[in-house]
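Analysis of the macromolecular model
Now for the letters of each chain:
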Amino acid sequence: MNLGVPLGLGSGLTWGAADFLGGLQSRRLPALTVALWSQVAGGLALGAAIVVLGTRPLAAELAWGMAAGVGGGLALVLFYRGLAEGTMSVVAPVSACSAIVPVAAALLGGEEPGAVAGLGVLAAVVGVVLVSRTRAHRPQRTGLSGRVLAMALGAALGFGLFYVFVDAGTAVPGGSPLSVIAGARASSLATLSTIALVGGRSGLRWPGRRIGPVALVGLGDTAANLLFAYAAITGNLAVVGVLGSMYPVATVILARWLLGERLSAGQNAGVVLALSGVGLLAAA
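Notes on the structure in this doc start here. (Residues numbered from 1 in each chain as written. Predicted model: local features only at pLDDT ≥ 70, side-chain atom pairs only at ≥ 80, totals over all residues. Heavy atoms only, no water.)

**Considerations on the environment of alanine 168**
The residue alanine 168 is located in helix H7 (residues 142–170) in this model. The exposure class assigned to alanine 168 is partly exposed, which follows from its relative accessible area of 21%. Between the C-alpha atoms of alanine 168 and valine 180, which are 12 residues apart in sequence, the distance is 9.4 Å. (Helix = DSSP H or I, 4+ residues; strand = E, 2+ residues; numbered from the N terminus. Buried < 20%, exposed > 50% of the residue type's maximum accessible area, 1.4 Å probe, protein only.)

This is how it looks when you write it as structure tokens:
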């Protein structure tokens, strides 16, 4: 079995767990605070690993990583704010439209998956779409629902670009996925810090007693980034991009189990279909 499949799936599930915890913390702290300090924690852990391993980053891979970090940093702020204002089991799947970006990039680059893998990609994407469907709720204020939708779609674009740029960085001859993610982390920290300063520094507030959970979010996010970067080395971008975008499945299940957010029959079917898609990708 191609290692890109388990590594890609591992990245998606790890992102989902980290995003669930990040969404919870964003209900108690400003979204920018959670995004910024979680990235700081992840960056410190990543820096320690680079020092211990003696990795020497190349300029090209750092550049691709920094480009990925800009998209990922902006996406994190939008995503956590959306999770805080909306329903987790709705915002997370909408943001998973990010899978469309690496699939399109792979096809444009002539990186077409095989027939079985292609069927798995289709099943996984359709499954995520079904997960995003919800029963009719009581009317909400149009401005609020439109705002949350815009944030979820903006996060989807940012995450999708992150996948594409990380894949490009790992393709640099002699490069290391660790260096690509280091560049991404440095860039996302710079982006988030700039947003915090422009926004009146409210995002720079110390999380206080919640620093533990916030740091755990960053460590999980960094681990997921590394899993995806290593998956991109051995796997097709369309396949690993879709697997990385499976994070809503973990987020939705955790929201169901821990928060009591109920899923419709269509959403349950979507989870099953998405997991079936993973099975097809593993068999390809």
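**Re the packing of aromatic side chains**
Using the criterion set out here, one finds 10 aromatic pairs in the structure. An angle of 70° between the planes, with centres 5.9 Å apart, marks the rings of phenylalanine 159 and tyrosine 247 as edge-to-face. Taken as a pair, phenylalanine 159 in helix H7 and tyrosine 247 in helix H11 (residues 247–259) lie far apart in primary sequence, 88 residues in all. Each member of the pair phenylalanine 159 and tyrosine 247 is classed as buried. Aromatic side chains phenylalanine 162 and tyrosine 163 sit 6.4 Å apart centroid to centroid with 70° between the ring planes, which places their arrangement in the edge-to-face category. We classify tyrosine 163 as buried; its relative accessible area is 2%. Chaining the aromatic ring pairs together yields one cluster made of Trp15, Phe162, Tyr163 and Phe228. (Phe/Tyr/Trp six-rings, centres within 6.5 Å; stacked < 30°, edge-to-face > 60°.)

**Describing the packing of helix H1 (residues 4–25) against helix H9 (residues 211–234)**
Axes are the key here: two packed helices are described by the angle between their axes and the distance separating the axes. It is at 8 Å that the axes of H1 and H9 come closest, and there the two elements cross at 160°. For the element pair H1 / H9, the angle class is roughly antiparallel. For the pair H1 and H9, the sense of crossing is left-handed. Within the contact of H1 with H9, the residues separate by chemical class into 14 nonpolar, 10 polar and one charged. (Axes fitted to C-alpha atoms, helices over the stretch in contact; angles between N-to-C directions. Parallel < 35°, antiparallel > 145°, perpendicular 65-115°, else oblique. Left-handed = near helix turned anticlockwise from the far one by under 90°. Nonpolar A, V, L, I, M, F, W, Y, C, P; charged D, E, K, R; others polar.)

**Considerations on the environment of valine 101**
When you line up the elements, valine 101 lands in helix H5 (residues 100–108). When the C-alpha atoms of valine 101 and alanine 156 are compared, they prove to be 8.7 Å apart, with 55 residues separating the residues in sequence. If we ignore the near neighbours within four places in the chain, the residues touching valine 101 are Gly160, Leu161 and Val164. (Contact = heavy atoms within 4.5 Å.)

**Observations concerning the environment of threonine 55**
Take threonine 55: it is sitting in the loop between helix H2 (31–53) and helix H3 (59–85). For the pair threonine 55 and leucine 178, spaced 123 residues apart in the sequence, the C-alpha separation amounts to 7.9 Å. Leave out the neighbours within four places in its chain, and threonine 55 touches Ile50, Ser176, Leu178 and Ser179.

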